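One-letter residues, chain by chain:
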Amino acid sequence: MTIQDPNTYKLLTPGPLTSSLTVREEMLVDRCTWDKDYKEMTQEVRRSLLELAHANPNEYTTVLMQGSGTFGVESVLSSIPGADDCVLVLVNGAYTERMCQILTYHRIHFKRLDFAWDSIPDAKKVEEFLAANPDVTIVAMVHSETTTGILNDIAAVGSVVKAAGKTFVVDAMSSFGGVDINVPEIGIDFLISSANKCIQGVPGFSFIIANIKKLQASKGNARSLSLDLYDQWRVMEKDGGKWRFTSPTHVVAAFHRAIAELKAEGGIAARHTRYAQCNKMLRDGMKELGFDAYIDAAHQGPIITTFFYPENANFTFAGMYDYLKNHGYVIYPGKLTERDTFRLGNIGEIYEEDVKRVLAIFKAYLDEVSHA
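Starting afresh in each chain, residues are numbered from 1 along the sequence in its written order. Selection of residues for local features in this predicted model requires a pLDDT of at least 70, selection of side-chain atom pairs for listing and counting requires 80 or more, and totals for whole chains, interfaces and linings are taken over all residues. Side-chain numbers come from the whole structure's heavy atoms, not from hydrogens or water.

Q: How should I be thinking about the sheet that holds strand 5 (residues 138-142) in this particular structure?
A: Sheet strands associate in pairs through backbone hydrogen bonding, adopting either a parallel or an antiparallel arrangement. A pair of strands is treated as paired once DSSP finds two or more bridges between them. In this description a helix means any DSSP run of H or I spanning at least four residues, a strand means any run of E spanning at least two, and both kinds are numbered starting from the N terminus. The sheet built from seven strands is open, its strands ordered 2-10-9-8-5-3-4 with mixed pairing. The open sheet terminates on both sides in strands that have one partner only, identified here as strand 2 (60-66) and strand 4 (110-114). Averaged over all adjacent pairs, the angle separating strand axes in this sheet is 20°, with direction ignored. Here five bridges tie strand 3 (residues 87-91) to strand 4, and the two strands are oriented parallel to one another. Bridge pairing in strand 4 places V87 opposite F110. Helix 6 (residues 154-163) rests against strand 3, strand 5 and strand 8 (167-171) of the sheet, and its axis sits at about 160° to strand 8. By definition in these notes, contact holds between two residues if any of their heavy atoms fall within 4.5 Å. Where helices are involved, their axes are fitted lines through C-alpha atoms of the stretch in contact, as for all axes, and angles between N-to-C directions lie from 0 to 180°. Helix-sheet contacts for helix 9 (residues 229-238) involve strand 2, strand 9 (190-194) and strand 10 (205-211), and the interaxial angle to strand 2 is about 105°.

Structure, rendered in structure tokens:
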């Protein structure tokens, strides 16, 4: 197979991902943070995100926060709980473990309810835990856990959380925009995602879909100046799209374009269909090559898949990575420790023809190493 320019490859990752040329071209213009056109661009982004979340602007708002997705998660978890609050984290992957780490850093009272990393949080067990622990006031979980590729059932858990009268925080980092999430219907109070995931922008900021009343009630709770969620929102509202501190202007412009391209593709429904079809093709094709998926099909999300190495594999991840990259695609290492794994994402500018090429490259690689 032909080896191509190592600087021109596509990303089989859960974000950053391969964005369109037209999205990247938006970053060629320098913009002023105080300019009224730029501030209106920020406001359009905020309004569009509420629409994608099916959220009423009288009840919900959007807050944009500088930094990666983890900055957004930390902003919520360090700004929303008060001194008397207790957060319950539903742990079934590395990113809920990170939530626990954030809460520990900020010395916020929390408890954890653990589940196997290849299973979804059980809503019944959450209900029982809440009944036995009335001090819990906030429940936090991840929707699409890119550690494994599992898609958790936020609707079932949300029903239990709302029935118990608790605040519900969802990290939808790698799913929002690629999986339809009706925020009010599920009962989510704070949803967190990032510019460089399913909306197919580039890295630089995260965003939070927030229940206005719950956000207002958090005033004064923030434990960080830069990550003060309430104050970030207050300034954006007061100054019509002005960020408190220097905003990632190029990234916002790219994201603004990415939202338009999402709508042009047919919205979340169409994008989800593309992602799901590519994911199934990838899973089926890799299985034929001897690579079993870590998550069963019932709970596999359409974003990224964790694959086990075949038995008696005679290759290294580094060798496989270099071969794939030399032929146009970059893959992700595994995050599991008990067995050798790697991950293949299929969001961004990835289409069925890409999946066919990737499968052919894997087959050629396996043929090559088997004759080495």
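Q: What is the right way to look at the packing of helix 12 (residues 317-326) against helix 13 (residues 352-370) in this model?
A: Axis angle and axis distance: for two packed helices, these are the angle between their axes and the distance between the axes, and together they describe the pair. Packing of helix 12 against helix 13 leaves a shortest axis separation of 10 Å and a crossing angle of 130°. Judged by the angle between their axes, helix 12 and helix 13 are oblique. For the pair helix 12 and helix 13, the sense of crossing is right-handed. Here helix 12 contributes G319, M320, Y323 and L324 to the contact with helix 13, which in turn contributes I361, F362, A364, Y365 and E368. Working definition: roughly parallel below 35 degrees, roughly antiparallel above 145 degrees, roughly perpendicular at 65 to 115 degrees, and oblique for all remaining angles. By convention, the crossing between two helices is left-handed when the near helix turns anticlockwise from the far helix through less than a right angle, and right-handed when the turn is clockwise.

Q: Can you walk me through helix 11 (residues 267-288) in this structure?
A: Side chains three or four residues apart in an α-helix point the same way, a direct result of the helix having 3.6 residues per turn. Its 22 residues give helix 11 an end-to-end C-alpha distance of 32 Å, which sits within 8% of 32 Å, the value for a rise of 1.5 Å per residue. We call a residue buried when its accessible area falls under 20% of the maximum for its residue type, exposed when it is over 50%, and partly exposed in between, using a 1.4 Å probe and counting protein chains only. Inspection of helix 11 places G267, I268, R271, R274, Y275, C278, N279, L282, R283, G285 and M286 among the buried residues, and these make up the whole buried set. On its buried face, helix 11 is in contact with helix 2 (36-52), helix 10 (249-265), strand 11 (304-308), strand 14 (341-345) and helix 13. Multiply 1.5 Å by the residue count of a helix minus one, and that product is the helix's expected span.

Q: Where do I start with the side chain of D228 in this structure?
A: Mapped onto the fold, D228 is located in the loop between helix 8 (212-217) and helix 9. Nearest to the buried, unbridged D228 among oppositely charged side chains is R244, at 5.0 Å. Residues adjacent in sequence count toward polar contacts only when both atoms are side-chain atoms; beyond that, a polar contact is any pair of N or O atoms within 3.5 Å, and within protein one must be able to donate a hydrogen and the other to accept it. Of note is the side chain of D228, whose polar atom sits 3.2 Å from the backbone nitrogen of Y230. Every residue in contact with D228, bar those within four places of it in the chain, is listed here: M65, S79, A222 and R244. Positive charges come from Lys and Arg, negative ones from Asp and Glu, while His and the chain ends are left out of the count. Any carboxyl oxygen of Asp or Glu within 4 Å of a side-chain nitrogen of Lys or Arg constitutes a salt bridge here.

Q: Got a minute to help me understand the packing of aromatic side chains in this structure?
A: Within a pair of aromatic rings, the relevant descriptors are the distance that separates the centres and the angle that separates the planes. Under the pairing criterion, centres of Phe, Tyr and Trp rings, with the six-membered ring standing for Trp, must be within 6.5 Å; the plane angle then separates stacked pairs below 30 degrees from edge-to-face pairs above 60, leaving the rest tilted. Under the definition given, this model contains 16 aromatic pairs. Between F207 and F255, the aromatic rings sit 5.8 Å apart at their centres with planes inclined by 45°, giving tilted as the arrangement. Note that F207 is positioned in strand 10 and F255 in helix 10, a separation of 48 residues in sequence. Of the residues examined, F207 reaches a relative accessible area of 0% and is grouped as buried. Counting every residue linked through ring pairs, the aromatic cluster contains F291, F307, Y309, F315, Y323, F342, F362 and Y365. Ring-over charges, as used throughout, are those where CZ of Arg or NZ of Lys falls within 6 Å of the ring centre and within 35 degrees of the ring normal. Stacked on the ring of W34, the Lys or Arg K242 has its end atom at 4.6 Å from the ring centre. When the ring centre of F308 is taken as reference, the NZ or CZ atom of R339 above it lies at 3.8 Å.

Q: Is there a simple way to think about the sheet that holds strand 11 in this case?
A: The three strands are arranged 11-14-13 in an open sheet whose pairing can be described as antiparallel. The sheet is open, and its two borders are formed by strand 11 and strand 13 (332-333), each paired with just one other strand. Two strands pair when backbone bridges link them, and strand 13 and strand 14 are joined in this way by two bridges, in the antiparallel orientation. Across the sheet, residue P333 finds its bridge partner in strand 14, namely F342.

Q: Any chance you could explain the environment of F207 here in plain terms?
A: In this structure the C-alpha to C-alpha distance between F207 and M173, which are 34 residues apart in sequence, comes to 9.3 Å. Ignoring anything within four residues of it in the chain, the contact list for F207 reads L49, T62, V63, L64, F176, L191, I192, S193, S194, A195, I199 and F255.

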